[in-house]
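What follows is each chain in one-letter form.
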Amino acid sequence: MQCGRGTALGNVGVVAVSDAPARRLRLALDMFEFGEQMQRSRLRRLNPQASDAEIDEAVRSWLLARPGAALGDADGRPSQRFA
């Protein structure tokens with residue numbers, strides 16, 4: 001049996017080591033998109049009369065405000081990298 005892509009078994013569970021960073025990035029982006037969709041659904045449920053533009057603005061505000069993580073996502077000294 002070959003190791004790598006395109007084996008007789010297809011791509012089932014076989015990933016080249018160099019694909020790992022790309023897979024992790026794709027997973028992180030997918031989780032971000034899923035979280036945004038969840039927040040959009042929540043806002044729509046809480047404000048059924050809101051227009052699409054109002055929901056879009058509320059999502060943008062939510063992303064910028066970072067509720068619960070105003071100083072970052074971890075304990076410790078706040079990063080000054082983006083200040």
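Residues numbered from 1 in each chain as written. Predicted model: local features only at pLDDT ≥ 70, side-chain atom pairs only at ≥ 80, totals over all residues. Heavy atoms only, no water.

Novice: Just give me the short version of the overall build of the chain, but keep the residues and values in it.
Specialist: When helices and strands are counted, the chain shows 2 helices and 0 strands. Split into buried and exposed, the 83 residues of the chain put 12% on the buried side. Surface summary for the chain: the accessible area is close to 7,300 Å², and the carbon and sulfur share equals 58%. (Helix = DSSP H or I, 4+ residues; strand = E, 2+ residues; numbered from the N terminus. Buried < 20%, exposed > 50% of the residue type's maximum accessible area, 1.4 Å probe, protein only. Areas by Shrake-Rupley, 256 points an atom, 1.4 Å probe, with all protein chains shown as cover.)

Novice: Hey, could you go over helix H2 (residues 52–65) for me, with residue numbers and the actual values?
Specialist: Spacing of three or four residues puts side chains on the same side of an α-helix, whose turn is 3.6 residues. The end-to-end C-alpha distance of H2 is 20 Å, a good match for the 20 Å that 14 residues give at a rise of 1.5 Å each. Just beyond H2, the residue with positive phi is Arg-66, at close to 50 degrees. (Expected span 1.5 Å × (residues − 1).)

Novice: I'd like to hear about the packing of helix H1 (residues 20–46) against H2, residue by residue, with values.
Specialist: Packed helices, taken two at a time, are described by the angle between their axes plus the distance between the axes. At a closest axis distance of 10 Å, the pairing of H1 and H2 adopts a crossing angle of 125 degrees. The angle between the axes of H1 and H2 places the two elements in the oblique class. Our pair here, H1 against H2, has a crossing hand that is right-handed. Side by side, H1 and H2 meet where Phe-32, Gly-35, Glu-36, Gln-39, Arg-40, Leu-43 and Arg-44 of the first sit next to Asp-52, Ile-55, Asp-56, Ala-58, Val-59, Trp-62 and Leu-63 of the second. Partitioned by chemical class, the residues of the contact of H1 with H2 number 7 nonpolar, 2 polar and 5 charged. (Axes fitted to C-alpha atoms, helices over the stretch in contact; angles between N-to-C directions. Parallel < 35°, antiparallel > 145°, perpendicular 65-115°, else oblique. Left-handed = near helix turned anticlockwise from the far one by under 90°. Contact = heavy atoms within 4.5 Å. Nonpolar A, V, L, I, M, F, W, Y, C, P; charged D, E, K, R; others polar.)

Novice: Describe the pattern of salt bridges, and please don't skip the residues or the numbers.
Specialist: The tally for this structure, following the rule as stated, stands at 6 salt bridges. Residue Arg-26 is joined to Asp-30 by a salt bridge in which the shortest nitrogen-to-oxygen separation is 2.8 Å. Placement of the pair is Arg-26 and Asp-30 together in helix H1, with a separation of 4 residues, close to one helical turn. Overall, the relative accessible area of 40% leaves Arg-26 in the partly exposed class. Salt bridges sharing partners connect three or more residues here, namely Arg-26, Asp-30 and Glu-33. (Salt bridge = Lys/Arg side-chain N within 4 Å of Asp/Glu carboxyl O.)

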